[in-house]
Amino acid sequence: MKLNMMLLVFLLLTGFIVADSTPLNESENNLTDHSPVSEVEALKKRVTELEAELAKYKQVKPVIGSVKHSAKKTPPPKEILKGEKFSLQTTTPKKVSAYLTAAYQTADDLKVKLVQNGFDVLATDEILKGKTVITISNEALRDTNSFLSALHILVNDDHEIRVQNPSYFGAAFLQDKYTFGDFNETLKSLQVVLGDMYISKEQYKLDDLGDYNFMLGMPHFNDTITVAKGSDIISKLTKEGSEKYISYTLKLPNGSVLVGHKLQDVTYEYLKKIDVAHNAQIFPYQVMIEEERAYMLNPKYYLALSFPLLSMTDFMQIASAPEEIVKDIVEAYK
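In this text the structure is predicted, and so the values were computed from the model without any measurement.

Rules of the game
Residues numbered from 1 in each chain as written. Predicted model: local features only at pLDDT ≥ 70, side-chain atom pairs only at ≥ 80, totals over all residues. Heavy atoms only, no water. Phe/Tyr/Trp six-rings, centres within 6.5 Å; stacked < 30°, edge-to-face > 60°. Helix = DSSP H or I, 4+ residues; strand = E, 2+ residues; numbered from the N terminus. Buried < 20%, exposed > 50% of the residue type's maximum accessible area, 1.4 Å probe, protein only. Pairing = 2+ DSSP bridges. Axes fitted to C-alpha atoms, helices over the stretch in contact; angles between N-to-C directions. Lys, Arg positive; Asp, Glu negative; His and termini not counted. Salt bridge = Lys/Arg side-chain N within 4 Å of Asp/Glu carboxyl O. Polar contact = N/O pair within 3.5 Å; in protein donor to acceptor, adjacent residues only side chain to side chain. Core = buried A, V, L, I, M, F, W, Y, C linked by side-chain atoms within 4.5 Å. Contact = heavy atoms within 4.5 Å. Arc of directions from axis to C-beta. pLDDT = per-residue confidence, 0-100. Patch = residues over 30% accessible without salt bridge, like charges linked within 9 Å, V, L, I, M, F, W, Y side chains within 5 Å. Areas by Shrake-Rupley, 256 points an atom, 1.4 Å probe, with all protein chains shown as cover.

(A) Region of the structure containing the packing of aromatic side chains. In this structure the tally under the stated criterion is 13 aromatic pairs. A centroid spacing of 6.2 Å and a plane angle of 65° characterise the contact between Phe147 and Phe173, whose relative ring orientation is edge-to-face. In this pair, Phe147 is assigned in the loop between helix 5 (139-142) and strand 5 (151-156) and Phe173 in helix 6 (residues 166-174), connecting sequence segments 26 residues apart. We note that Phe147, like Phe173, is buried. Between Phe214 and Phe315, the aromatic rings sit 4.8 Å apart at their centres with planes inclined by 65°, giving edge-to-face as the arrangement. With Phe214 in the loop between strand 8 (203-205) and strand 9 (225-229) and Phe315 in helix 12 (residues 312-317), the pair connects residues that are 101 residues apart, well separated along the chain. Note on Phe214: relative accessible area 22%, which makes it partly exposed. Connected via pairs of aromatic rings, a cluster forms that spans Tyr99, Phe147, Tyr168, Phe169, Phe173, Tyr204, Tyr212, Phe221, Tyr295 and Tyr301.

Okay, here's the thing in structure tokens:
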């Protein structure tokens, strides 16, 4: 509005000055064409035209600078890697999943519930940033006197919970001593702790787990690796500085000792190379001590068993991982 008034005043003043500066004799000779009334009408018309142009100008959005300001994008919600809802089966399935998933809860809340439901919490380890593994046991698991005597639960990056399925690893580790359904009570207790559980997409034929190997020429369950011998094996695990190698030790009913081993941070990085960091619950790596011998599952067997969906190409990317795992564990027994 102020701009309109200024234009009007400017034009009127200009018109008046022009009119006043006209020679008297010229004004008298041209009364019809240059009368004050006619000039004012012409000015009003021009003001109307200018107002119309001004209105059009206001409708055009001004461009301020050349920098584009993009709105901050909200990251998409993380996808929970789950399949169908888990339920205890009364008939033996053709396939069984390696892991069960559940909704996220904190590690502290989880440990309280685990103890309340008959589990012993053996250790808590951060395998990778944001990926904390809680190792648990109970009477049914310990009574197997095997690598199944402890299970690992992953608290996965404020995202989900993943737990090793005792039915899957039981079939692999116990072989002909395993019958499907043996660990239903343990699974029921896990359901109380975790709530609804879901079947992961990492599955394998149940009947083939007892004699599992990745391919012809690759190790089976019984192709273990000896990491130490002698009567002083246990004492080596309690020496000064051993805590950087040892996550937990669990004495079993038959006198054997199951040991969970910490690995170097760089060794855990292999999980990222093949995009399986969401399954960090395969660690800590286990060693069994029986009498005067300490042995471990061959990593070429254990890694393949734990990642049944990975291809040969995937494993070629971590070809040096088995050797590094063995090297890390042997270091603890020197």
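Continuing now.
(B) Layout of the sheet that holds strand 10 (residues 246-251). Here we have five strands laid out as an open sheet, ordered 9-13-12-11-10, and antiparallel in their pairing. Both outer strands of the open sheet, strand 9 and strand 10, are each paired with one neighbouring strand and no more. For this sheet, the mean inter-axis angle between neighbouring strands, taken without regard to orientation, is 25°. Pairing analysis gives five bridges linking strand 10 to strand 11 (residues 257-261), with the strands arranged antiparallel. In the strand pairing of strand 11, Leu250 is matched with Leu258.

(C) Seen up close, the side chain of Asp125. Here Asp125 is to be found in strand 3 (residues 120-128). One buried charge, Asp125, has no salt-bridge partner; the nearest side chain with opposite charge is Lys262, at 4.3 Å. Engagement of the side chain of Asp125 in a polar contact is seen with the side chain of Ser247, the distance being 2.5 Å.

(D) View of the nonpolar core. Membership of the largest hydrophobic core comes to 89 residues, with the highest contact counts inside it found for Phe173, Leu271 and Tyr333. Considering every element that reaches this core, the biggest residue donor is helix 6, with six residues. In contact with Tyr333, not counting residues within four places along its chain, are Val227, Ala228, Ile233, Lys236, Leu237, Val259, His261, Val287, Ile289 and Ala294.

(E) Quick look at the pairing of strand 11. Of all five residues in strand 11, five are buried; the element is thus mostly enclosed. Alternating positions in strand 11 separate into two faces, Val257, Val259 and His261 on one and Leu258 and Gly260 on the other, with burial throughout. Bridge analysis of strand 11 against strand 12 (residues 285-290) gives five bridges, and the strand direction is antiparallel. Counted as the bridge partner of Gly260 is Gln286 from strand 12.

(F) Representation of helix 4 (residues 107-116) within the structure. Within helix 4 the residues assigned to the buried category are Ala107, Leu110 and Leu114. Seen end-on, helix 4 carries its buried residues on one side only, within an arc spanning 60°. In helix 4, the exposed positions that point more than 90 degrees away from the buried face belong to Asp108, Val115 and Gln116. Close packing links the buried residues of helix 4 with strand 3, strand 4 (131-137), strand 5, strand 6 (160-164) and helix 7 (184-194). At the exit of helix 4 stands Gly118, carrying a positive phi of roughly 90°.

(G) How the structure looks around unusual backbone geometry. Residue Phe283 is joined to Pro284 through a cis peptide bond whose omega torsion reads 5°. In this fold, Pro284 is placed in the loop between helix 10 (270-273) and strand 12. Of note in this structure, Asp275 is not a glycine but carries a positive phi near 55°. Mapping Asp275 onto the fold places it in the loop between helix 10 and strand 12. Of the residues examined, Asp275 reaches a relative accessible area of 64% and is grouped as exposed. For Glu291, which is not a glycine, the phi torsion comes out positive at approximately 55°. Mapped onto the elements of the fold, Glu291 is located in the loop between strand 12 and strand 13 (293-296). Look at Glu291 and you get exposed, because its relative accessible area is 81%.

(H) Spotlight on the confidence of the model for the protein chain. When pLDDT is averaged across the protein chain, the result is 84; 75% of the residues are at 70 or more. Here residues 1-34 is modelled with pLDDT under 50, and outside its nearest four sequence neighbours on either side it reaches 18 contacts, counting other chains as well.

(I) Focus on a nonpolar patch on the surface. On the surface, a nonpolar cluster with roughly 290 Å² of combined accessible area is contributed by Met215, Met312 and Met316. Looking at Met215, the relative accessible area reads 36%, which means it is partly exposed.

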